[in-house]
Amino acid sequence: MAQTEYFDAGHRTCQGCESAMVLRWVAKAAGPNTIVIGATGCMYVANTTYYTTAWALPWIHTQLSGTGSAAVGTAAALKALMEKGKLPNEKINVIGICGDLGCADAGLSEVSNALTHTKYNFLILMYDNESSANTDIQETTMTPFGALTTFSPSGKQIRIMKYRWKKNMAAMMAVGHPEVKYVATAMAADPIDLYNKVRKALEIGGPTFIHTLDPCPKGWGYDPKYSHEIGKLAVETGLWPLFEIENGKFRLTSTSARIASGEIKRKPVKEYIRRQTRFKHLTDEDIEYIQRKVDEMWEKWLIPGLLPLTKELPYPETTKAQ
Ligand SMILES: Cc1ncc(C[n+]2csc(CCOP(=O)(O)OP(=O)(O)O)c2C)c(N)n1
Ligand code: SF4
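The structure displayed is predicted, hence computed values, not measured ones.

### Some thoughts on the UniProt feature "domain: Thiamine pyrophosphate enzyme TPP-binding" (unreviewed entry) in the protein chain
Stage number 1. The sites that carry the UniProt feature "domain: Thiamine pyrophosphate enzyme TPP-binding" (unreviewed entry) are, in the present numbering, residues 40-211.
Stage number 2. For the annotated span residues 40-211, helix accounts for 33% and strand for 16% of the residues, and the straight-line distance between the end C-alpha atoms is 17 Å.

### Details of the pairing of strand β1 (residues 34-39)
Stage number 1. Counting buried residues in β1 gives six out of six residues, a clear majority hidden from the surface.
Stage number 2. Residues Thr34, Val36 and Gly38 of β1 are buried on one face, and the alternating residues Ile35, Ile37 and Ala39, pointing to the opposite face, are buried as well.
Stage number 3. As defined by bridge partners, β1 adjoins strand β3 (residues 93-99) across five bridges and the pair is classed as parallel. Residue pairing in the sheet places Val36 in a bridge with Ile95 of β3.
Stage number 4. For β1 and strand β2 (residues 59-62), the ladder comprises four bridges, and the chain directions are parallel. Directly across from Val36, in β2, lies its bridge partner Trp59.

### What to know about helix α6 (residues 169-176)
Stage number 1. The complete set of buried residues in α6 reads Met169, Ala170, Ala171, Met173 and Ala174.
Stage number 2. Check the buried side of α6 and you find it contacts α4 (100-105), α5 (108-114), β4 (122-128), β5 (182-186), β6 (207-213) and β7 (243-246).

### So, the site of ligand 2
Stage number 1. Neighbouring ligand 2 are the residues Thr13, Cys14, Cys17, Cys42, Asn129, Ala133, Cys216, Pro217 and Lys218.
Stage number 2. Considered class by class, the residues forming the shell around ligand 2 number six nonpolar, two polar and one charged.

### Describing the sheet that holds β5
Stage number 1. Ordered by their spatial adjacency, eight strands build an open sheet running β2-β1-β3-β4-β6-β5-β7-β8, and the pairing between neighbours is mixed. Two strands close off the open sheet at either side, each with one partner strand: β2 and β8 (249-252). Within the sheet, the average angular offset between the axes of one strand and its neighbour, ignoring direction, is 15°.

### Description of the packing of helix α1 (residues 18-30) against helix α7 (residues 191-204)
Stage number 1. The contact between α1 and α7 brings their axes to 9 Å, and the two run at 50°. As far as their axial angle goes, α7 and α1 are oblique. In this structure, α1 crosses over α7, and the sense of that crossing is right-handed. Mapping the contact onto sequence places Val22, Trp25, Val26, Lys28, Ala29 and Ala30 in α1 and Pro191, Leu194, Tyr195, Val198, Arg199 and Leu202 in α7.

### Things to note about the site of ligand 1
Stage number 1. Taken together, 15 residues lie around ligand 1, and Cys42, Gly102, Tyr127, Ala133 and Asn134 are the ones closest in.
Stage number 2. Cys42 is positioned with one of its backbone polar atoms (N or O) 2.8 Å from an oxygen atom of ligand 1.
Stage number 3. Between ligand 1 and Tyr127 there is a distance of 2.7 Å, counted from an oxygen atom to a side-chain nitrogen or oxygen.
Stage number 4. Relative to its free-state accessible area of 590 Å², ligand 1 is covered by the protein chains to the extent of 71%.

### So, the packing of aromatic side chains
Given two aromatic rings, one states the distance between the centres and the angle between the planes to describe the pair.
Stage number 1. In total, this model carries eight aromatic pairs according to the counting rule given.
Stage number 2. Directly above the aromatic system of Trp220 lies the positively charged group of Arg278, at a separation of 3.8 Å from the ring centroid.

### Looking at the pairing of β6
Stage number 1. Of all seven residues in β6, seven are buried, a share of seventy percent or more.
Stage number 2. The side-chain alternation of β6 yields two buried faces, one formed by Pro207, Phe209, His211 and Leu213 and the other by Thr208, Ile210 and Thr212.
Stage number 3. For β4 and β6, the ladder comprises seven bridges, and the chain directions are parallel. Note that in β6 the partner of Ile124 across the bridge is Phe209.
Stage number 4. Once you follow β5 into α7 and on to β6, the crossover reads as right-handed.

### A word on the nonpolar core
The tendency in soluble globular proteins is for nonpolar side chains to be buried side by side.
Stage number 1. Counting 63 residues, the largest nonpolar core has Phe122, Ile124, Met169, Phe209 and Tyr272 as its most contacted members.
Stage number 2. Those residues within four positions of Tyr272 in sequence are excluded, and the remaining contacts are Glu130, Leu213, Trp220, Ile230, Leu233, Ala234, Thr237, Leu239, Arg278 and Phe279.
Stage number 3. Phe7, Ala20, Ile97 and Leu125 belong to the second-largest nonpolar core, a separate cluster that totals 31 residues.

Reading guide: rules and limits
- Residues numbered from 1 in each chain as written.
- Chains lettered and ligands numbered in written order.
- Predicted model: local features only at pLDDT ≥ 70, side-chain atom pairs only at ≥ 80, totals over all residues.
- Heavy atoms only, no water.
- UniProt positions renumbered as here; feature names shortened; annotations may be inferred.
- Helix = DSSP H or I, 4+ residues; strand = E, 2+ residues; numbered from the N terminus.
- Buried < 20%, exposed > 50% of the residue type's maximum accessible area, 1.4 Å probe, protein only.
- Pairing = 2+ DSSP bridges.
- Contact = heavy atoms within 4.5 Å.
- Near = heavy atom within 4 Å.
- Nonpolar A, V, L, I, M, F, W, Y, C, P; charged D, E, K, R; others polar.
- Axes fitted to C-alpha atoms, helices over the stretch in contact; angles between N-to-C directions.
- Parallel < 35°, antiparallel > 145°, perpendicular 65-115°, else oblique.
- Left-handed = near helix turned anticlockwise from the far one by under 90°.
- Polar contact = N/O pair within 3.5 Å; in protein donor to acceptor, adjacent residues only side chain to side chain.
- Areas by Shrake-Rupley, 256 points an atom, 1.4 Å probe, with all protein chains shown as cover.
- Phe/Tyr/Trp six-rings, centres within 6.5 Å; stacked < 30°, edge-to-face > 60°.
- Lys NZ or Arg CZ within 6 Å of the ring centre and 35° of its normal.
- Right-handed = clockwise from strand over helix to strand, strands pointing away.
- Core = buried A, V, L, I, M, F, W, Y, C linked by side-chain atoms within 4.5 Å.

Okay, structure coming up:
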């Protein structure tokens, strides 16, 4: 594993910011021949404050929703320049990085469009702190059920403002773009799993997609020293399944694979929820509801975390072998 850091000291993220840790591992896995594209958000503002940067790699800023287009454009430009002999023909990684608002909401159409451009090589990395953190913890479609944000406070009349379930982004990207050769989920608290997934995504070619879940001490409400613990609990409770889909083949990885094989038991979601002040207003009944949803995903879904179909696919009589 590379010892050199390509996302180094000099950033100004909060103490315990797991998104910053994700970038550190992504940059380490990608190495020096890499161009990073970063959308507006915490990972832009905190990492490129005027005259300072933590990036030891060429870096392009794109507006909030522009990651997909900028990634395709950069990959296409590199390909054209190499084909014309204006650049040496070598492997240059292109990595487009966007937060959950910049990727799953505002930038969704551009990321989705980008993933259809199968002749260009780039990775889109969505770092998911389950909020629009940079603009003071606002709700996004990735904010989980019940979480407090500045847009979804708990009131006297309405206790739970965010009552909708979190969108399943990696699944959408995988199922909706079947030609994409690599889609995965990951997190900074399992750095080897993350590192290997980034390497695979960059090596396999074409557009690829990785979705990381990133505990954010400021928005989630816990002491920064517990960031890794909170991340691990998300996986151990089954809320955040770690998986990869490589050339169409689905595989649970790391702790999630051990849960699925029965080697370890899923922990109750309460252990994760009760550690964060963003869930402080939730009652035991609310937590039971979350537990039921997670149990359903593991016990009834065709593929945990990916495919919420609960029955065998119908097999029409007429297509059966005669
Ligand atoms: C078109 C547009 N609308 C709004 C903003 C203001 N804005 C800047 S950063 C940001 C939040 C981005 O959220 P996310 O992508 O989840 O990244 P995070 O801040 O959580 O790192 C917003 C709304 C903007 N820069 N551009
Ligand atoms: S608000 Fe959250 S995502 Fe933003 S820098 Fe701080 S810890 Fe990281």
